[in-house]
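Here is what each chain is made of, one letter per residue.
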Amino acid sequence: SDRDVGDLCGAILLHTAHVVVKVPCNFDVRHFAQTVQLIKLMKPSMRVECLVSDFAGDKAAVASLATSGLDVYARNVETVRRLQPHVRDKRAGYDQSLATLRAAKEAAAARGLRIFTKTSLMLGLGETRDEVIEAMSDMSEAGVDVLTLGQDLTCRDYAQGAYRMRGIGRGQTIVLFVSPEVQRL
């Protein structure tokens, strides 16, 4: 019931310091901006991170969420520029994702707000060291504060040696497993 969901959400808020709200690409951004505002109203100390689509480059939608009171605006770039057409949905793109992150930071700053922007790169898809460094430079120029690097593998995939991407949705084959012992960039 709605009350059970409300009770569960209240309990989560009571015992949590950081929450991540994933915003699907086909939802009204106003709903999620209101969700952030309600979370902050219920628990002002809660850190709220929204993992979002790029809203098809709609800067008004980006600004609406970026100025809603959230703490972290996250948009995953996913991979280096060269591999974008092979890994990502054609509606998303490297430059558009970076522009979204930049626009979020600028919209918040224009209202005197400080937010962190966050993105991620999946490794092992055939990117070169230089391409990763270039992507990191591009992200820095876009004002990105936090970058996560990783691979989306399941334990079963790893044990069987069948490295397949999950979550990106196109079944991209892992070209190279980047172990935790990998040399520093």
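This one's a predicted model, so the numbers in the text were calculated from it and none came from an experiment. (Residues numbered from 1 in each chain as written. Predicted model: local features only at pLDDT ≥ 70, side-chain atom pairs only at ≥ 80, totals over all residues. Heavy atoms only, no water.)

Trainee: How should the nonpolar core be read in this particular structure?
Mentor: A general tendency of soluble globular proteins is for nonpolar side chains to be buried together. Within the largest apolar cluster, 41 residues are counted, with the highest numbers of intra-cluster contacts made by Val23, Val48, Cys50, Phe55, Leu65, Leu70 and Tyr73. In terms of residues, this core owes the most to one element, helix H5 (residues 94–110), which gives seven residues. Ignoring any residue separated from it by four or fewer positions in sequence, one finds Cys50 in contact with Val21, Val23, Val36, Leu65, Leu70, Val72, Tyr73 and Ala74. (Core = buried A, V, L, I, M, F, W, Y, C linked by side-chain atoms within 4.5 Å. Buried < 20%, exposed > 50% of the residue type's maximum accessible area, 1.4 Å probe, protein only. Helix = DSSP H or I, 4+ residues; strand = E, 2+ residues; numbered from the N terminus. Contact = heavy atoms within 4.5 Å.)

Trainee: I'm lost on the packing of aromatic side chains in this one. Help?
Mentor: When we look at a pair of aromatic rings, we describe it by the centre distance and by the angle of the planes. All told, the structure shown has zero aromatic pairs when counted by the stated rule. Positioned above the aromatic ring of Phe116 is the side chain of Arg114, whose terminal nitrogen or guanidinium carbon lies 4.6 Å from the ring centre. (Phe/Tyr/Trp six-rings, centres within 6.5 Å; stacked < 30°, edge-to-face > 60°. Lys NZ or Arg CZ within 6 Å of the ring centre and 35° of its normal.)

Trainee: Just checking my understanding: could you explain the confidence of the model for the protein for this structure?
Mentor: Do not read the fine detail of predicted coordinates wherever pLDDT is low. Of the residues in the protein, 74% have a pLDDT of 70 or more, and the chain-wide mean is 81. Of all secondary-structure elements in the protein, the lowest mean pLDDT belongs to helix H7 (residues 155–160), at 48, while strand S3 (residues 72–74) reaches the highest, 97. Here residues 155–160 is a poorly scored stretch, pLDDT under 50, and it has seven contacts once near neighbours within four places are set aside; other chains count. Within the model, the stretch residues 162–169 combines pLDDT values under 50 with 28 contacts to residues more than four positions away or in other chains. (pLDDT = per-residue confidence, 0-100.)

Trainee: Hey, could you run me through a nonpolar patch on the surface in this one?
Mentor: Nonpolar side chains collect at one region of the surface, where Ile133, Met136 and Leu149 lie side by side and expose about 210 Å² of accessible area between them. When you line up the elements, Leu149 lands in strand S5 (residues 146–150). Classification of Leu149 by relative accessible area gives partly exposed; the value is 39%. (Patch = residues over 30% accessible without salt bridge, like charges linked within 9 Å, V, L, I, M, F, W, Y side chains within 5 Å. Areas by Shrake-Rupley, 256 points an atom, 1.4 Å probe, with all protein chains shown as cover. Salt bridge = Lys/Arg side-chain N within 4 Å of Asp/Glu carboxyl O.)

Trainee: Sorry if this is basic, but what is going on with the environment of Phe116 here?
Mentor: Looking at the element boundaries, Phe116 is found in strand S4 (residues 116–122). Accessibility expressed as a relative area gives 37% for Phe116, which makes it partly exposed. The sequence separation of Phe116 and Ala66 amounts to 50 residues, and the corresponding C-alpha distance is 9.7 Å. Phe116 has contacts with Asp71, Val72, Tyr73, Lys105 and Asp145, leaving out every residue within four places of it along the chain.

Trainee: Teacher, can you tell me more about helix H2 (residues 29–42) here?
Mentor: Every α-helix winds through 3.6 residues per turn, so residues three or four apart in the chain are directed the same way. The terminal C-alpha atoms of H2, which comprises 14 residues, lie 20 Å apart, in line with the 20 Å expected from a rise of 1.5 Å per residue. Among the residues of H2, Val29, Phe32, Ala33, Val36, Ile39 and Lys40 are the ones counted as buried. All buried residues of H2 fall inside an arc of 120° around its axis, so they share one side. Exposed residues lying more than 90 degrees from the buried face of H2 are Arg30, Leu38, Leu41 and Met42. (Expected span 1.5 Å × (residues − 1). Arc of directions from axis to C-beta.)

Trainee: Would you mind showing me how to read the sheet that holds strand S2 (residues 47–51) here?
Mentor: Strand pairing in a sheet relies on backbone hydrogen bonds, with the paired strands running either antiparallel or parallel. Read from one edge of the open sheet, five strands run S1-S2-S3-S4-S5, paired in parallel fashion. The sheet terminates laterally at strand S1 (18–22) and S5, the two strands that pair on one side only. Averaged over all pairs of adjacent strands, the angle between their axes in this sheet comes to 20°, without regard to strand direction. Sheet topology places S3 next to S4; three bridges connect them, and they run parallel. Paired with Val72 across the two strands is Phe116, which belongs to S4. (Pairing = 2+ DSSP bridges. Axes fitted to C-alpha atoms, helices over the stretch in contact; angles between N-to-C directions.)

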